[in-house]
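Commentary on secondary and tertiary structure
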There are 2 protein chains.
Amino acid sequence: MTSEFEIIDRYFKKKTKQTALGVGDDAALINVQKNYQLVTSSDMLVENTHFLKNTNPSQLGWKSLAVNLSDIAAMGASPKWATLSISLPKINHAWLKKFSAGFFKCADKFGIDLIGGYTTKGPLSISITIMGEIKKNEALLRSGAKINDDIWVTGQLGLASMGLASLQGKLKLPPRIKIKCIRALETPIPKTSLGSHLSRYANSCIDISDGLIQDLRHILKASKVGASLFLNDIPCEKFIHTTKQYQFLLNGGDDYELLFTAAKKNRSYIKKIAKKTNTPVNIIGTIIKKKSLSILSEQGKSVKFNPKGFDHFA
Amino acid sequence: MTSEFEIIDRYFKKKTKQTALGVGDDAALINVQKNYQLVTSSDMLVENTHFLKNTNPSQLGWKSLAVNLSDIAAMGASPKWATLSISLPKINHAWLKKFSAGFFKCADKFGIDLIGGYTTKGPLSISITIMGEIKKNEALLRSGAKINDDIWVTGQLGLASMGLASLQGKLKLPPRIKIKCIRALETPIPKTSLGSHLSRYANSCIDISDGLIQDLRHILKASKVGASLFLNDIPCEKFIHTTKQYQFLLNGGDDYELLFTAAKKNRSYIKKIAKKTNTPVNIIGTIIKKKSLSILSEQGKSVKFNPKGFDHFA
């Protein structure tokens, strides 16, 4: 019989590179650099709420960590450490082996030390706390957007929600797009590299996890401003325009792209760091004084949209 | 319809006292004092594994945080910050109100800021990451026990597991003891005050969450030593001796007392800080060179015991 301690030892105890004391005691110890702040965020992924039953455990391991890295990127910070708690119905070595392989593939790619692990019996769920560092007073908050700021996004929006709808049989996609959308859903790439360079040039930032509209509204509310978006400038698959299924673009969850605002004078700097970090970026609108959100078509007409985003209880 | 964001706002967003940025952005920001390390640990409490269905939500809120504080105490550190993720089957305002009240009752008593909150739909489970500070190089590890160290414990052992057995109808207890045991199970008191003073005097420390034997064995293994315990010196209810139900004393989980080892010369200091922090302490045995664990009766005979402790998968 394998115990919960043996599971940690076998699957989740790996040499750390930037940690004073890792997995194996009552708690871990880390040193935060002088003049830096610790940045931290926690979340939980639950089977049937955040991922489908029988999701590939390796991709789930990757995604569990990736979505947390995205939160640190959205603060303009550099992620460094993570703790992981898993509840699973029974000890399943094949599952654990694949899950931990996917988790550490992501951890290694982004330079993260796993510093705490806990496993227990229960319905399948995964809880991660991510920690990183940022220079004091340089964090990018949701509340910093200024009137006339450009509104930027990384990558393409709507892919993950189209992938999910396709897996659920609710959307028929051309094969090439289907593969791309499912990949975006299953193994999102957090924009940590761009994120860690943004704080000098951007005024506010959030990661798009619950849909563009909802996450932009978090910035607008916190910054007490409004926004005007140009539908045709929001980067997405042409399929969305040809089928007019804008709900994926505007309300689809799980994108993990960065949405940030910056003064117009910083355009060339932002394009430079985007190029340096190999991150596609686009300007999709402007921050305005009037506290409302409007989306304009190519003809300058106001487009109707669902103001709500993704809510796990809805 | 209440959204997950409104739940956080209504129940889990409280003014912080020692935090640069609390709940409400992509991540929180904290400043670690100069010459201090960040100490952190995560765990997860799952319904039917860690607590019974219909457990009083207020007591559950208290306990979820208290058991994490105990891990920080076991490092000799001072707990300061926590993040909380909850999955629950549906939005239940009465439950959330009571749970958050219990959580903050504990947080306020021990001076903890809640700096991150996440709620989602799913089977009832609670995941907490606790963070604290300790002066560099002063953390109490499991690996520091020295030969001839006294072995100390705080409080009384076995109460919580007797409380659980009683609630499950597996153990009949006299009314006075029953009340005490159920209180120990439902609202454990972490020994943070003693813990934060121990690092100067103790060589190793762990908190007893999975039973005395199992947790002592973690110290013995990490420190490459053995131990000899004196059964009659282990503090407990007389009921255990009269009924000879030593499994509660030796293997019962959920005690959250501290188990630590210290040089004999430090006895008077330890008694002094125990008195100052109002924490009962007792010496229950000695660390020995031979890598084995024995428990001796009053007559000096070796007592047989179950070497295993609590395992959530067993």
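About the criteria used
Residues numbered from 1 in each chain as written. Chains lettered and ligands numbered in written order. Predicted model: local features only at pLDDT ≥ 70, side-chain atom pairs only at ≥ 80, totals over all residues. Helix = DSSP H or I, 4+ residues; strand = E, 2+ residues; numbered from the N terminus. Rg over C-alpha atoms; globule rule 2.2 N^0.38 Å. Buried ≥ 20, exposed ≤ 12 C-beta atoms within 10 Å, placed from the backbone. Contact = placed C-beta atoms within 7 Å. Pairing = 2+ DSSP bridges. Axes fitted to C-alpha atoms, helices over the stretch in contact; angles between N-to-C directions. Least-squares fit on C-alpha atoms with pLDDT ≥ 70 in both. Domains from an automatic or database assignment. Nonpolar A, V, L, I, M, F, W, Y, C, P; charged D, E, K, R; others polar. pLDDT = per-residue confidence, 0-100. Parallel < 35°, antiparallel > 145°, perpendicular 65-115°, else oblique. Left-handed = near helix turned anticlockwise from the far one by under 90°. Expected span 1.5 Å × (residues − 1). Core = buried A, V, L, I, M, F, W, Y, C linked by C-beta atoms within 7 Å. Right-handed = clockwise from strand over helix to strand, strands pointing away.

Re the overall build of chain A
Regarding its fold elements, chain A presents 10 helices and 11 strands. The C-alpha radius of gyration computed for chain A amounts to 20 Å, which stays within 12% of the reference 20 Å derived for 314 residues, consistent with globular compactness. A principal-axis box enclosing the C-alpha atoms of chain A has dimensions of 65 × 50 × 35 Å. Evaluated residue by residue, chain A yields a buried proportion of 55% over its 314 residues. The contacts in chain A between residues at least 6 apart in sequence include a share of 87% that link residues at least 24 apart.

Things to note about the sheet that holds strand S3 (residues 78-88) of chain A
An order of S4(A)-S3(A)-S5(A)-S2(A)-S1(B) is seen for the 5 strands of this open sheet, with the pairing classed as mixed. Edge positions in the sheet fall to strand S4 (113-121) of chain A together with strand S1 (28-30) of chain B, since each of these pairs with one other strand and no more. Direction aside, the axes of adjacent strands within the sheet are offset by 20° on average. Of the strand pairs in this sheet, S3 of chain A and S4 of chain A are connected by 8 bridges, and their pairing is parallel. Bridge pairing links Thr 83 of chain A to Gly 116 of chain A in S4 of chain A. Against the sheet, helix H1 (residues 4-12) of chain A touches S3 and S4 of chain A, its axis set at about 145° to S4 of chain A. Sitting on the sheet, helix H2 (residues 57-73) of chain A is in contact with strand S2 (36-46), S3 and strand S5 (125-135) of chain A, with an inclination near 30° to S5 of chain A.

Quick notes on the interface of chain A and chain B
Much of the literature gives interface size as the accessible area that the parts lose upon coming together. Facing 49 residues of chain A, the contacting portion of chain B comprises 49 residues. Where the side of chain A that touches chain B is concerned, the elements lending two or more residues are strand S1 (28-30), S2, H2, S3, S4, S5 and strand S7 (202-208) of chain A. Considering each element in turn, the side of chain A that touches chain B owes the most residues, 9 residues, to S2 of chain A. Strand direction decides the pairing type here: S2 of chain A and S1 of chain B, joined by 3 bridges, are antiparallel. The residue bridging Leu 38 of chain A from the neighbouring strand is Ile 30 of chain B, located in S1 of chain B.

Some points on the relation of the copies chain A and chain B
Between chain A and chain B, which share one sequence, the superposing operator has a rotation angle of 180° and an axial displacement of 0.0 Å; the RMSD is 0.0 Å. What we have between these two chains is a two-fold relation. Most of the interface of chain A is mirrored in chain B: 100% of its interface residues are interface residues there too.

A short note on the domain arrangement of chain A
All names here are of chain A. Taken domain by domain, chain A comprises domain 1 (4-135) and domain 2 (142-296). Centre-to-centre separation of domain 1 and domain 2, based on C-alpha positions: 26 Å. Between domain 1 and domain 2, the residue contacts involve 18 residues of the former and 18 residues of the latter. Here the side of domain 1 that touches domain 2 takes 10 residues from H2, the largest share from any one element. Partitioned by chemical class, the residues of the side of domain 1 that touches domain 2 number 11 nonpolar, 5 polar and 2 charged.

A short note on the confidence of the model for chain A
With 98% of its residues at a pLDDT of 70 or more, chain A shows a mean pLDDT of 95. Per the prediction output, this complex has pTM 0.94; the corresponding ipTM is 0.93.

Here we look at the sheet that holds S7 of chain A
Residues and elements named next belong to chain A. Read across the open sheet, the 6 strands follow the order S7-S9-S6-S10-S8-S11; overall the sheet is mixed. Looking at which strands have only one partner, the edges of the open sheet turn out to be S7 and strand S11 (293-296). On average, adjacent strands in this sheet sit at an angle of 25° to one another, irrespective of strand direction. As paired strands, strand S6 (residues 150-154) and strand S9 (residues 257-262) are joined by 4 bridges and run antiparallel to one another.

Quick notes on the environment of Val 303 of chain B
All names here are of chain B. Here Val 303 is to be found in the segment after strand S11 (293-296). Using a count of 13 C-beta atoms within 10 Å as the deciding quantity, one classes Val 303 as partly exposed. It is 9.8 Å that separates the C-alpha atoms of Val 303 and Leu 229, two residues lying 74 residues apart in sequence. In this structure Val 303 touches Leu 231, Ile 295, Leu 296 and Ser 297, once residues within four positions along its chain are discounted.

Comments concerning the packing of H1 of chain A against helix H3 (residues 93-110) of chain A
Residue and element names in this part refer to chain A. Remark: H1 packs on H3, axes separated minimally by 10 Å, with the N-to-C direction vectors making an angle of 45°. The angle between H1 and H3 falls in the class oblique. The interaxial crossing formed by H1 with H3 has right-handed handedness. Contacts from Ile 7, Tyr 11 and Phe 12 in H1 reach Leu 96, Lys 97 and Ser 100 in H3. Taken together, the residues of the contact of H1 with H3 sort by class into 4 nonpolar, 1 polar and 1 charged.

What to know about helix H5 (residues 175-186) of chain B
Count 3.6 residues to each turn of an α-helix, and residues three or four apart come out pointing the same way. Residue and element names in this part refer to chain B. Spanning 12 residues, H5 covers 16 Å between terminal C-alpha atoms, matching the ideal 16 Å at 1.5 Å per step. Along H5, the residues that are buried comprise Cys 181, Ala 184, Leu 185 and Glu 186. In this structure, the buried side of H5 is in contact with helix H2 (57-73) and helix H4 (159-167).

A short note on the nonpolar core
The biggest cluster of nonpolar side chains holds 194 residues, and the ones touching the most others in it are Val 39 and Leu 65 of chain A together with Val 39 and Leu 65 of chain B. Leu 65 of chain B has contacts with Ala 82, Phe 103, Cys 106, Ala 107, Ile 112 and Ile 128 of chain B, leaving out every residue within four places of it along the chain.

Quick word on the environment of Leu 21 of chain A
With respect to the helices and strands, the residue Leu 21 of chain A is situated in the loop between H1 and S1. Take Leu 21 of chain A: there are 18 C-beta atoms within 10 Å of it, and that puts it in the partly exposed class. In this view, Leu 21 of chain A contacts Ala 28 and Leu 29 of chain A together with Ala 139 of chain B; residues no more than four positions away in its chain are not counted.

Remarks on the packing of H2 of chain B against helix H3 (residues 93-110) of chain B
Residue and element names in this part refer to chain B. Two numbers describe how H2 lies on H3: the axes approach to 6 Å, and their chain directions differ by 35°. Considering the relative orientation of H2 and H3, their crossing is right-handed. Across the interface between the two elements, Pro 57, Ser 58, Gln 59, Leu 60, Gly 61, Trp 62, Ser 64, Leu 65, Ala 66 and Leu 69 from H2 touch Trp 95, Lys 98, Phe 99, Ser 100, Ala 101, Gly 102, Phe 103, Lys 105, Cys 106, Ala 107 and Phe 110 from H3. Split into classes, the residues belonging to the contact of H2 with H3 amount to 13 nonpolar, 6 polar and 2 charged.

Notes on the pairing of S4 of chain A
With respect to burial, S4 of chain A is a largely interior element, 7 of its 9 residues being buried. One crossover worth recording links S3 of chain A to the parallel S4 of chain A by way of H3 of chain A, and it is right-handed.

With respect to unusual backbone geometry
Within the chain, Asn 54 of chain A stands out as a residue other than glycine whose phi angle is a positive 65°. On the neighbour-count criterion, Asn 54 of chain A (7 C-beta atoms within 10 Å) is exposed. Despite not being glycine, Asn 148 of chain B has its phi angle at roughly 80°, a positive value. Note that Asn 148 of chain B resides in the loop between strand S5 (125-135) and strand S6 (150-154). Assessed through the 12 C-beta atoms surrounding it within 10 Å, Asn 148 of chain B is described here as exposed.

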